[in-house]
Amino acid sequence: MDNKNKYWKGLEQLNNSPQFVQTKRNEFSEGLPLEEVINEKDFELSSNRRDFLKFFGFSVSAVALAACNNAPIKNAIPYVVKPEEITPGIPNYYASSCGACSAGCSILVKTREGRPVKIEGNEESPVFKGGVCASGHASLLNLYDIERLKNAFVSGKESSWDILDKEVKAGLASAKNIRIVSGTVNSPSVKKAIADFTTKYPSTKHVVYEPISISALIEANKQAFGKVSVPGYRFDKAKVIVGFNCDFLGTWISPVEYTKQYSSNRRLTKDNPVMSRHIQFESLLTITGSSADIRMPVKPSEEGAILISLYNKIAAMAGAPAISGAQNIEKAGNMVETTAKELWAAKGASLVVCGTNNLDNQLLVNAINTLLGNIGSTIDFDNYSNQKTGNDTEFATFVSEMNSGAVDAVIFYNSNPAYSYSDSKSFETGLKKVQLSISTSPTWDETSRMVKYAAPDSHYLESWGDIEPKNGYFGLIQPTISTVFKTRMALESFLRWCDNNTDAYSYIQNYWKSTILPLGNGEWNKSLHDGYFIIPEKAAQVYSNNASLANVTNTAYQNYTSNKDKVEITLYSSVAIRDGADANNPWLQELPDPISSVVWDNYLAISKTLADKLGIEDNDLVNIKTKKGNIEGLPTLIQPGQPNNTASIALGYGRMVKGNTGKEIVGKNAFGLTALVNGQVSYILGDVTIEKAGGNRELARTQTHHYIEGRAIIKEASLGDYIKDPLAANHDHHGNLRDKEGKLITLWEERDAKGHKWGMVVDLNACTGCGSCIVSCSAENNVPVVGRQEVLVRREMHWMRIDRYYSFKNKEGQTSTKEKDIHKNVTDFENIKVAFQPVMCQQCGHAPCESVCPVLATVHSSEGLNQMTYNRCVGTRYCANNCPYKVRRFNWFRYNDNEKFDFHFNNDLGKMVINPDVTVRTRGVMEKCTFCVQRIQAGKLKAKTENREIKDGDIKTACQQSCPANAIVFGDMFDANSELVKLLKNERGYHMLEELNVQPSVNYLTKIRNVEGTLLEQNDHATAKHEEHKAEETHTEHN
Amino acid sequence: MYESPIREVLVEGGKTYTDVSNDICRPLENKATKGWWIGFIVSALVLALWIGATTYTLMTGIGTWGLNKTVGWAFDITNFVFWVGIGHAGKLISAILLLFRQKWRMSINRSAEAMTIFAVICAASFIVSHMGRPWVAYWPIPLPNAFGSLWVNFNSPLVWDVFAISTYFSVSLVFWYLGLIPDIATIRDRATTRMRKFMYNFFAMGWDGSARTWNRYELVSLILAGISTPLVLSVHSIVSMDFATSVIPGWHTTIFPPYFVAGAIFSGFGMVLTLLVIGRVVLKQEEYITMGHLDAMCKVVMLTGSMVGLAYITEFFIAAYSGVEYEQYAFINRATGPYAWAYWIMMSCNLIAPQVFWTKWARSTPWFIFVLSIIVNIGMWFERFVIIVTSLHRDYITSSWAMYTPTWVEFSILIGSFGLFFTLYFLFVRYLPTINMSEIKAILPKKQTQH
């Protein structure tokens, strides 16, 4: 930094001699005359600094207490002995692993004064690379859930762990047939503990149960390659990706890992215009399908037949024999043929994935990948994944065993089959026959309410643990708070029940030291510090495919032909709620579904054509009748992109939780409609009857208009056009409104920014719309949850939103984005394009909100930020009206300590999640995205105390930090070497509503779809046409 | 004063000075009539509704209204602009018509000015109640304070509003009160009870009726009229800048100041007509507020209604001519979007309906004028609703487009504000002369002397 002082304390300062710098850092150059003060006779103290501080401290606190009459501090207990590592006001970060799902992403837990307040991605992790999904962020709030079990319970009554242990051990000792039913266990220590348990009680069998299962995939791998595992997928190595009903960016197996891989091939620059090509065949519209370059809507029953045709076409190119007896089917635009060609052209670097839990289809996918030579390149069985290892058949066997009375003791660990099992009735009756039933569920869920012993597991943030999400990648989980209630880690419970009194910490440490760390010269302390420990990846081997496809053809074609005109329903897991385990989490319930923008509900997403045929409109209640069961009174939502004669329903809703957010009936449980087909749970319902039930339930949606109306809000071009012209779809139309420097003419004086000017770039091509940033932002900035009713009247408080726009092709084959045209000229509601756009405060240079505030509550900072002073706000709401981006949020009510908003801000425990760096806003004031100004300040402070300048990447906003797609980059526009400034030079960059010349600090990069060549036909011609038209315009301007 | 024999007399019935005093003081000095009691009690009940709904809002939050993240203003500011507009006729009649020496104004200016003051009180109530934190409603006033260097934002049209409305209110109040002094003195002199004597004596401020007093009175009246005249134009111009200085399509319009002033006069005269058509009958003042007055006011309504209509059409033209897609959409949306019903109510009430005043019959049929005046009031309320809500609910970013639905609280406050207005008006009718006696005496037709 320049020495800008005009007056110097002396020559020393002018020269900035090292000695001077040294003395400058001491606040009092001569030291404080403490001795003199203390030595006064009145004190009668022999001297010392500590006593001085005691007196000083006492008087300060006495004054402070006297001054605090109005706001008595409740239960603020100071540290008796200050822990060495805790400084009030300074956050500590601990590396750990996320326990929200079996993906086990590596995370950092931010704690303040001993309580976790935020989950961040661990950027050093080579697998997860700093990404965290929405569920991961939200899992923090489960720690502070007031509904958690606060002690051990016996027969529904609060008891003590001693009694529980005594009775459980007695029961286990006399049991002849013990079962442990758990979700995926990929913790090596828990596996070891279960093994110990099994040694002690040899009749124990461990049944792994996943409510949303991929067991067909595992079974197919077993049959084909002899590998009972989920392979490691390498989306980053794949040049062509073909997905079949596989939401790998949203919910499938390890979405953060896959999104990191996937998005690494979706970033473009002029000099390196290379991106992967992604073709998605899917029934329900997912965020993966939305991000795809080409999305083919297919009925679920078509999948098998298409896979066979695809196989045969590739086989023809590979010179391999076709599947006998197969007749090929084709989709519009010869898409099967095209896909086959695309895949073959990229053989060895392509990837076909299928998310359907159907053995035949998975075998076909394996066969296709084998033909393409992807095994050993993009599909890696040597670094396989341990995420999601449920076995549907084993669980079904377990239920029938219970019913036959063969099981006399069962422990439910991390699983809730009473809610999610397809035949919950037989599960219930079976469970009643079991003498000893135990659940480690941390809350009263459907299963734990039925068992005799509730032995609540601690939250992962208060537990020791480990996890091996991928083979050779070990994550550690360390507690960041002592247990809030009298809960006990399930690991310890297992140990206690087999008479092992080791605590979890020693048990895990011993196991790691004896077994895991020697695998690769690991050190315990380093692993704990890093949060993970890896042994070098093995080289991926090629495995031959030994599965027979002989039985596949008939079923697939039968399925295809018999369902052709019938209504089919796909049951899926939604991005926010997934399998329903966290249905009691208000952050997740209020996270808008990325596609439908619905909160707090599930619904029947139905195709437009089918809805018209049945006379159903949005929000109408319908009854659904299937062979397996019925759902009554489910609201509908007409979903573009849903193929004709299909619909879909999200799983995970309809939980019977007593919890504070469960008071609202959150949707309907669709797990009852799943059925075991050929040993795998099928989430496809064929031959369904949908009928109007009468009445309606308005779905609360955060977005109710879905088209850009031809406005340049989102700019999109094809890769071909982009290569020809990097400014494709992004030509400047304001040429004659610019001055000599290229700036738009303005009436106002330019604002000076001093030191820094903060800015952001959002890459629309990378964003997948997953919603992680929204929850991250809510956690960081204490954004209140407002509930369904308030969202219905459009008052959600999220500081950032992800807008989602549909575009259609009209009868003339042109892109249609205008509502009127869509109503008149669009008949094809299946083939649509979807674009996502994260929108936060654009931090305008000439902010329209600032000029209209009567009390200067929102003002411009010297670093280009648009600041909001809550204390000064009188709540005229003019700023929100005048915001062209509509990013301002008003506190219509007091959202804390208010019975009407009975979410986490309404109880002392839930409030522990509050970030102390951010004010909790009161009723009647405006709020909005601040670019995480508290992080900017913290970053500046840190740099200052370390006596250095801020480095690029020091400061990351909450939305940016854990974005699984790295779509958001924040930085200093004055730092010429920053990643931000490099991105600002990208030709794809544009400002939203640039013509208003409010000079936003957020830059968007145009969306590019990789559709050139043979795929261009599939893309709409209109983008090109539109562009032609605009090119003419620019041409005229130059004349 | 010379009177043309062909010009209609301003006061009919061959009144003498005594007649005037008796006629105008009668409603004050008699026992309150049944009609007055009924009117007053009904108004007070509606006022209670306003008090209830406003208190509920203040205690609970603006969330009790139907506003949302996209539509941040609706009924609140609609009502505010509506009431400020209502007030405009009073100022126009008392100031501009005084300067233009329109003698016919004399029998209506008192009630019109009272209306102004009560309407501004109603409007001010919305400024306070629409705030998120009404307990700090004084912050937009540039008061010296102990908060540090906090000051108001002089760039904000809302601050201009604070000045405009407060100036307007205080000048109107002083002007109105000044005009009342001679009349209060008359009532004082006629008073029979001690209480009345004391009160009216107090408010008459020692008026002695001397030539010197009259001279000063006239002088001050003229000065105040001079001060008030620019206010007629400034207040609503500034209110219109609440919208015009924004970036929202449909608000960001340079035509707004004259258009709003015309609209305000239009609605103000509508309200004056509503009150006087009834009042002149109930208070038996047909001879003072003659058909000639109604006729003149109808003409003003027709003229300003047409001006407003022209502005509506001009806005459309400018939107089309500008080539700005957002602006064009905003206006297409007004006429054809989900709030088109409000737009067409506005168009038919404000532009089409007043055109009937081209006919003599319409201008001389009191019941018809009354109906029309109500229509004008409805139309002008909808004008503000259309401008505010339809512009906001669909602006730039289509993802944020939203609908606004008012709640019962907002309806209660709107209806209740009429209770506030009419309660004050009924008290005014009961305790103060509704016609300026001293001025009206000056324009009595000369007795026809027999030659």
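Here the residue numbering is sequential within each chain, running from 1 through the sequence in written order. Written order decides the labels, with chains lettered from A and ligands numbered from 1. Totals for whole chains, interfaces and linings use all residues, but because this is a predicted model, local features are given only for residues with pLDDT of at least 70 and pairs of side-chain atoms are given and counted only at 80 or more.

## Description of the overall build of chain B
Item 1. Helix and strand definitions follow DSSP, with helices as H or I runs of at least four residues and strands as E runs of at least two, each counted in order from the N terminus. In terms of regular secondary structure, chain B is built from 16 helices and zero strands.
Item 2. Referenced to the eigenvectors of the C-alpha coordinate spread, the extents of chain B come out at roughly 80 × 55 × 40 Å.
Item 3. We call a residue exposed when 12 or fewer other C-beta atoms sit within 10 Å of its C-beta, buried when the count reaches 20 or more, and partly exposed for counts in between; the C-beta positions come from the backbone. Counting all 451 residues of chain B, 51% fall into the buried class.
Item 4. Contacts are defined on C-beta atoms placed from the backbone: any two residues whose C-beta positions lie within 7 Å are in contact. Nonlocal contacts in chain B, meaning residues at least 24 apart in sequence, comprise 83% of its contacts between residues at least 6 apart.

## Points about the overall build of chain A
Item 1. For chain A, the helix and strand inventory stands at 32 helices and 43 strands.
Item 2. Buried residues in chain A amount to 55% of all 1039 residues.
Item 3. Of the contacts made within chain A by residues no fewer than 6 positions apart, 74% connect residues no fewer than 24 positions apart.

## Concerning the confidence of the model for chain A
When pLDDT drops low, the exact placement of atoms in the prediction is not to be read closely.
Item 1. One number per residue, pLDDT, summarises how confident the predictor is, and it ranges from 0 to 100. Averaged over all residues, the pLDDT of chain A equals 85, while 90% of them reach at least 70.
Item 2. Every residue in residues 1014-1039 of chain A scores below 50 in pLDDT, and together they form 41 contacts with partners more than four places removed in sequence or on other chains.

## Things to note about the interface of chain B and chain A
Item 1. In this assembly, 39 residues from chain B lie in contact with 43 residues from chain A.
Item 2. Here the side of chain B that touches chain A takes three residues from helix H6 (residues 157-190) of chain B, the largest share from any one element.

## Quick notes on the sheet that holds strand S3 (residues 115-121) of chain A
Residues and elements named next belong to chain A.
Item 1. Only strands joined by at least two bridges in the DSSP assignment are considered to pair. Strand order in the open sheet formed by three strands is S1-S2-S3, with antiparallel pairing between adjacent strands. Pairing within the sheet leaves two strands with one partner each, and these edge strands are strand S1 (92-97) and S3. Each strand of the sheet is rotated relative to its neighbour by a mean of 30°, with strand direction disregarded.
Item 2. Taken together, the six bridges between S1 and strand S2 (residues 106-112) define a ladder with antiparallel strand orientation. Paired with Tyr93 across the two strands is Lys110, which belongs to S2.
Item 3. Orientation is described by axes fitted as lines to C-alpha atoms, over the contacting stretch for helices, and by angles from 0 to 180 degrees between their N-to-C directions. Across the face of the sheet, helix H5 (residues 134-143) comes into contact with S2 and S3 while running at roughly 165° to S3.

## Brief notes about the sheet that holds strand S10 (residues 277-282) of chain A
All names here are of chain A.
Item 1. Strand order across the open sheet formed by four strands is S11-S10-S9-S12, with parallel pairing between neighbours. Edge positions in the open sheet fall to strand S11 (294-297) and strand S12 (350-354), since each of these has one partner strand only. Each adjacent strand pair in this sheet contributes to an overall mean axis angle of 10°, direction not counted.
Item 2. Pairing of S10 with S11 involves four bridges; the strand directions are parallel. By the bridge assignment for S11, Ile279 is matched with Ile294.
Item 3. Its contacts with the sheet place helix H12 (residues 335-345) against strand S9 (240-244), S10, S11 and S12, and it is angled at close to 140° to S9.

## Re the pairing of strand S42 (residues 1002-1005) of chain A
Residue and element names in this part refer to chain A.
Item 1. Going residue by residue along S42, you find Val1002 and Tyr1004 tucked away on one face and Asn1003 and Leu1005 tucked away on the opposite face as well.
Item 2. For strand S32 (residues 758-763) and S42, the ladder comprises four bridges, and the chain directions are parallel. In the sheet register, Val762 faces S42, and the bridge partner there is Tyr1004.
Item 3. Of the pairings in the sheet, the one linking strand S41 (residues 989-990) to S42 comprises two bridges and is antiparallel in character.

## Concerning the environment of Trp252 of chain A
Item 1. Along the polypeptide, Trp252 of chain A turns up in the loop between S9 and helix H9 (255-263).
Item 2. In the structure, Trp252 of chain A is positioned 500 residues away from Asp752 of chain A in sequence and 48 Å away in space, judged by C-alpha atoms.

## Some words on unusual backbone geometry
Residue and element names in this part refer to chain A.
Item 1. Notably, Lys129 is not glycine yet its phi reads approximately 50°, a positive angle.
Item 2. Checked against the element boundaries, Lys129 lands in the loop between S3 and H5.
Item 3. We classify Lys129 as buried; it has 20 C-beta atoms within 10 Å.

## Description of the packing of helix H11 (residues 303-318) of chain A against helix H20 (residues 552-562) of chain A
All names here are of chain A.
Item 1. Viewed as axis vectors pointing N to C, H11 and H20 meet at an angle of 130°, and their least axial separation amounts to 7 Å. Relative to H20, the element H11 lies oblique. The two elements H11 and H20 meet at a crossing, and its hand is left-handed. Residue-level contacts link Gly304, Ala305 and Ile308 of H11 to Val552, Thr553, Thr555, Ala556, Tyr557, Asn559 and Tyr560 of H20. Roughly parallel here means an angle under 35 degrees, roughly antiparallel means over 145, roughly perpendicular means 65 to 115, and every remaining angle is called oblique. In this scheme, a crossing is called left-handed if the near helix is turned counterclockwise away from the far one by less than a right angle; it is called right-handed if the turn is clockwise.

## Structural notes on the pairing of strand S6 (residues 178-182) of chain A
A regular strand places its side chains on the two faces of the sheet in alternate fashion.
Residue and element names in this part refer to chain A.
Item 1. Among the five residues of S6, five are classified as buried, and the element is accordingly described as predominantly covered.
Item 2. Along S6, one buried face is formed by Ile178, Ile180 and Ser182 and the opposite face, lined by Arg179 and Val181, is buried too.
Item 3. Here S6 runs beside strand S7 (residues 205-208); their pairing, made up of four bridges, is parallel. Each bridged residue has a counterpart across the sheet, and for Ile180 the counterpart in S7 is His206.

## Comments concerning the domain arrangement of chain A
Residues and elements named next belong to chain A.
Item 1. Where each domain starts and ends follows an automatic or database-derived domain assignment. Under the domain assignment used here, chain A contains domain 1 (1-31), domain 2 (33-62), domain 3 (153-213 + 390-530), domain 4 (231-385), domain 5 (565-701) and domain 6 (716-1026).
Item 2. For domain 3 versus domain 5, the separation of C-alpha centres amounts to 31 Å.
Item 3. With 16 residues of domain 3 at the contact, the number on the domain 5 side is 20 residues.
Item 4. Where the side of domain 3 that touches domain 5 is concerned, the elements lending two or more residues are helix H14 (392-403) and helix H15 (417-420).
Item 5. Any residue outside Ala, Val, Leu, Ile, Met, Phe, Trp, Tyr, Cys, Pro, Asp, Glu, Lys and Arg is labelled polar, Gly included; the first ten of those are nonpolar and the last four are charged. Its residues assigned to classes, the side of domain 3 that touches domain 5 shows six nonpolar, seven polar and three charged.

## Focus: the nonpolar core
Item 1. A set of buried Ala, Val, Leu, Ile, Met, Phe, Trp, Tyr and Cys residues, joined to one another through C-beta atoms within 7 Å, is what we call a nonpolar core. Core analysis: the biggest nonpolar cluster contains 416 residues, and Ile368 of chain A together with Ala123, Val272 and Val301 of chain B have the highest contact counts within it.
Item 2. Sort the elements by how many residues they give to this core and helix H9 (residues 256-282) of chain B lands first, with 15 residues.

## A look at the environment of Leu98 of chain B
Residues and elements named next belong to chain B.
Item 1. Among the structural elements, Leu98 can be located in helix H4 (residues 88-99).
Item 2. Placed 131 residues apart in sequence, Leu98 and Thr229 show a C-alpha to C-alpha distance of 9.6 Å.
Item 3. In contact with Leu98, other than residues within four places in its own chain, are Arg105 and Ala225.

## So, the environment of Arg179 of chain A
Residue and element names in this part refer to chain A.
Item 1. Topologically, Arg179 is positioned in strand S6.
Item 2. Residue classification places Arg179 among the buried positions, given that 25 C-beta atoms sit within 10 Å.
Item 3. The sequence separation of Arg179 and Ser437 amounts to 258 residues, and the corresponding C-alpha distance is 9.6 Å.
Item 4. Other than its neighbours up to four places away in sequence, Arg179 contacts Lys205, Val207, Phe398, Val407 and Val410.

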